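# Overview (structure and organization)
Below are the chains, spelled out letter by letter.
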Amino acid sequence: MTALLTDAHAAALDAADPLRDFRAEFHLPLHAGQPQAYFVGNSLGLQPKGARAMVDEVMTAWARDAVEGHFRGEAAWMPYHRLVRDGLARLVGALPSEVVAMNTLTVNLHLLLVSFYRPTRERPAILLEAGSFPSDRYALESQIRFHGYDPATDLIEVPPDEPNGTVSMAAIERAIGEHAGRLALVLWPGVQYRTGQAFDIAAITRLAHTAGAIAGFDLAHAVGNVPLALHDANADFAVWCHYKYVNAGPGAVAGAFVHARHGTTDRPRFAGWWGNREDVRFRMEPQFQPTPGAEGWQLSNPPILSLAPLRASLALFDRAGMSALRRKSEQLTGYLEALIDTTLSDVLEVVTPRAPDQRGCQLSLRVRSGRARGRALFEYLANHGVLGDWREPDVIRIAPVPLYNRYADVLRFARCVQEWRDAQ
């Protein structure tokens, strides 16, 4: 048995972890009365224990103050969305005026496409990765059709060019260069959901802008997972959800970024009264006067009960610090990778890039003996309290999240795979 596979080794790593106490800030799901080894924070993050108090605060104010809750107390509802603004800005590397928590991810994508996808006969095309998350593809197809163009010719998908289904920067550069004269928009993920590959947002933005196209990003698998610097990267816009790594709850309110240079713009938008300037909003005048910055894309009253858990989660990110979380993430996922390489390489193939700067915490794993055996292993793990998730056609995703996963959890995963293999 290698040292990596010993309880003592995992325990020593956990004892030396400066973020170890954050695990106690979360509710851990149980299996057979014991905490699961939960590796599905890339799908739904665990509940922060502070979230209930934040929701209860809103419920109490509603019961006590009714409509006056909009104006009373430090957590009054009228400016409530701004209680998460600064934390979000720190999390994504933006100015506070560039971010807003609103709606859900695909709704925000459509709203920003209204402003930033402005096709012409000469430039009708959108470029994205092949195998993108279906909701993104549906949104882009529908936007292209809405403007009277044809997705068959105007939705350009960049196929993977690397052995494990990942896409090199060289392939992205070639595709943008080849279609430069036709591109209206490049929409790219920060982290690809199936492979776990992370991309250089600043580099892709430069390529898009050089081609005369807008650069937008879906950061659903990047926010709270990898360090981001959206303002400095010069991205035009971005959208994301908060129910994965940001732990704001199922169907949580989503986020959006609009670069400061677009903060006041004549670009068309779908307007709603909460995007109207706050100082004139309650005059109920017919003219729409957008709030400068990302808040000008809001439509309706913020969902206060959905924003409340986000407050609790962002407080944890501020306490931990994204740089410290990233250091642990690299070490934790590196430990998972090392266990696979040294003891499980006959069973599992790592699809995710090996370079830490090209991935977040997730490793996408393919079982070498085929899809049927992959499903069998996935179900065996779940039945033994080790929870990852399955993505068709043949990938098990395992995401050790630095806020609440331990090295002991990773070791438990490796041992469970060993037991399955040895029983075959």
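It should be noted that the structure appears before, not after, this text.
Attention here is on the structure that accompanies the text. Given the structure is predicted, the values throughout are model-derived calculations rather than measurements.

## Side note on the overall build of the protein
Broken down by element type, the protein carries 13 helices and 15 strands. Taking 2.2 N^0.38 as the reference for a compact globule, 424 residues should give roughly 22 Å; the C-alpha atoms of the protein span a radius of gyration of 22 Å, in line with that estimate. For the C-alpha atoms alone, the extent of the protein along its principal axes is close to 75 × 60 × 35 Å. Put simply, the protein has 424 residues, and 55% of those count as buried. By sequence separation, contacts in the protein at least 24 residues apart represent 71% of the contacts at least 6 residues apart.

## Quick look at the sheet that holds strand β8 (residues 214-218)
If you trace the seven strands from one edge of the open sheet to the other, you get β4-β10-β9-β8-β7-β5-β6, paired in mixed fashion. At either margin of the open sheet sits one strand with a lone partner, and together these are β4 (99-101) and β6 (155-158). Pairs of neighbouring strands in the sheet enclose a mean axial angle of 20°, with direction left out of account. Across three bridges, β8 lies against strand β9 (residues 237-240) in parallel orientation. Paired with Phe217 across the bridge in β9 is Ala238. Lying on the sheet, helix α5 (residues 134-146) is in contact with β5 (125-129), β6, β7 (183-189) and β8; it crosses β6 at an angle near 150°.

## Notes on the sheet that holds strand β15 (residues 395-398)
Neighbouring strands of a sheet are bound in pairs by backbone hydrogen bonds; such pairs are parallel or else antiparallel. Reading across the sheet, the four strands line up as β11-β12-β15-β14 and stay open at both edges, with antiparallel pairing between neighbours. The outermost strands of the open sheet, each flanked by one partner alone, are β11 (348-350) and β14 (389-391). Each strand of the sheet is rotated relative to its neighbour by a mean of 35°, with strand direction disregarded. In terms of strand pairing, β14 meets β15 through three bridges, oriented antiparallel. Across the sheet, Arg391 pairs through a bridge with Val395, a residue of β15. Its contacts with the sheet place helix α11 (residues 322-343) against β11, β12 (363-367) and β15, and it is angled at close to 20° to β12.

## Topic: helix α2 (residues 51-65)
In a regular helix each residue adds 1.5 Å, so 15 residues correspond to 21 Å; α2 covers 21 Å between its end C-alpha atoms and thus fits that length. Looking at the buried side of α2, the elements it contacts are α10 (304-320).

## Notes on the packing of aromatic side chains
Any two aromatic rings considered together are summarised by their centre-to-centre distance and by the angle between their planes. Throughout the structure, instances matching the rule amount to 11 aromatic pairs. With a centroid separation of 6.5 Å and 55° between ring planes, the pair formed by Tyr38 and Tyr404 is classed as tilted. Highlighted residues: Tyr38 in strand β3 (residues 37-38) and Tyr404 in the loop between β15 and α13 (407-423), separated in sequence by 366 residues. Each of the two residues, Tyr38 as well as Tyr404, counts as buried. A ring pair is formed by Trp273 and Trp274, whose centres lie 5.4 Å apart and whose planes are at 75°; its orientation type is edge-to-face. Trp273 sits in the partly exposed class, given a relative accessible area of 32%.

## Overview of the packing of helix α12 (residues 371-383) against α13
Closest axis-to-axis distance for the α12/α13 pair is 10 Å, and the angle between their directions is 125°. Taken together, the axes of α12 and α13 are oblique relative to one another. In the crossing of α12 with α13, the sense of the turn from one axis to the other is right-handed. Of the residues in α13, those in contact with Arg373, Ala376, Leu377, Tyr380 and Leu381 of α12 are Phe413, Cys416, Val417, Glu419 and Trp420.

## Considering unusual backbone geometry
The omega torsion of the bond from Glu392 to Pro393 falls at 5°, within 30 degrees of zero and hence cis. For Pro393, the position within the fold is in the loop between β14 and β15. The backbone of Asn103 sits at a positive phi, close to 55°, despite the residue not being glycine. Within the element layout of this structure, Asn103 appears in the loop between β4 and α4 (105-116). With relative accessibility at 25%, the residue Asn103 sits in the partly exposed group. A positive phi is found at Met284, a non-glycine position, where the angle reads about 60°. Summarising the element assignment, Met284 is placed in the loop between β10 (255-258) and α10. In this structure Met284 comes out as exposed when scored by relative accessible area, which is 54%.

## Focus on the nonpolar core
Within the largest apolar cluster, 77 residues are counted, with the highest numbers of intra-cluster contacts made by Leu127, Trp188, Phe217, Leu219, Trp240, Leu310 and Leu403. Among the elements that line this core, the one with the most residues is α10, at nine residues. Excluding anything up to four places from it in sequence, Leu127 contacts Ile156, Val158, Ala175, Ile176, Leu183, Leu185, Val186, Leu187 and Trp188. Counting residues in hydrophobic clusters, the runner-up holds 31 residues, among them Val347, Leu348, Tyr407 and Val417.

Basis of the calculations
All residue numbers here refer to positions counted from 1 along the written sequence of the relevant chain. Since the coordinates come from a predicted model, pLDDT governs what is reported: local features require at least 70, and pairs of side-chain atoms require 80 or more to be given and counted, while whole-chain, interface and lining totals use all residues. Side-chain calculation: all heavy atoms of the structure are included, whereas hydrogens and water are not. Put simply, DSSP H or I for four residues or longer makes a helix, DSSP E for two residues or longer makes a strand, and each gets a number counted from the N terminus. Here the globule rule reads 2.2 Å times residues to the power 0.38, and the radius of gyration is calculated from C-alpha atoms. Each residue is assigned to one of three classes by its accessible area relative to the maximum for its type, calculated with a 1.4 Å probe on protein chains only: buried under 20%, partly exposed between the two thresholds, exposed over 50%. In what follows, residue pairs with any heavy atoms lying within 4.5 Å of each other are defined as contacts. Between any two strands, at least two bridges found by DSSP are needed for them to pair. To define axes, lines are fitted to C-alpha atoms, for helices over the stretch in contact only, and angles between the resulting N-to-C directions are given on a 0 to 180 degree scale. What a helix is expected to span follows from its residue count: subtract one and scale by 1.5 Å. Any two of the Phe, Tyr and Trp rings considered here, Trp counted by its six-membered ring, make a pair once their centres fall within 6.5 Å; the pair's planes then place it as stacked at under 30 degrees, edge-to-face at over 60, or tilted in between. In what follows, roughly perpendicular refers to angles from 65 to 115 degrees, roughly parallel to angles under 35, roughly antiparallel to angles over 145, and oblique to any angle outside these ranges. Here is the rule for handedness: rotate from the far helix to the near one, and if that takes an anticlockwise turn smaller than a right angle the crossing is left-handed, while a clockwise turn gives right-handed. Nonpolar cores were defined as sets of buried Ala, Val, Leu, Ile, Met, Phe, Trp, Tyr and Cys residues, with membership established by side-chain atoms within 4.5 Å.

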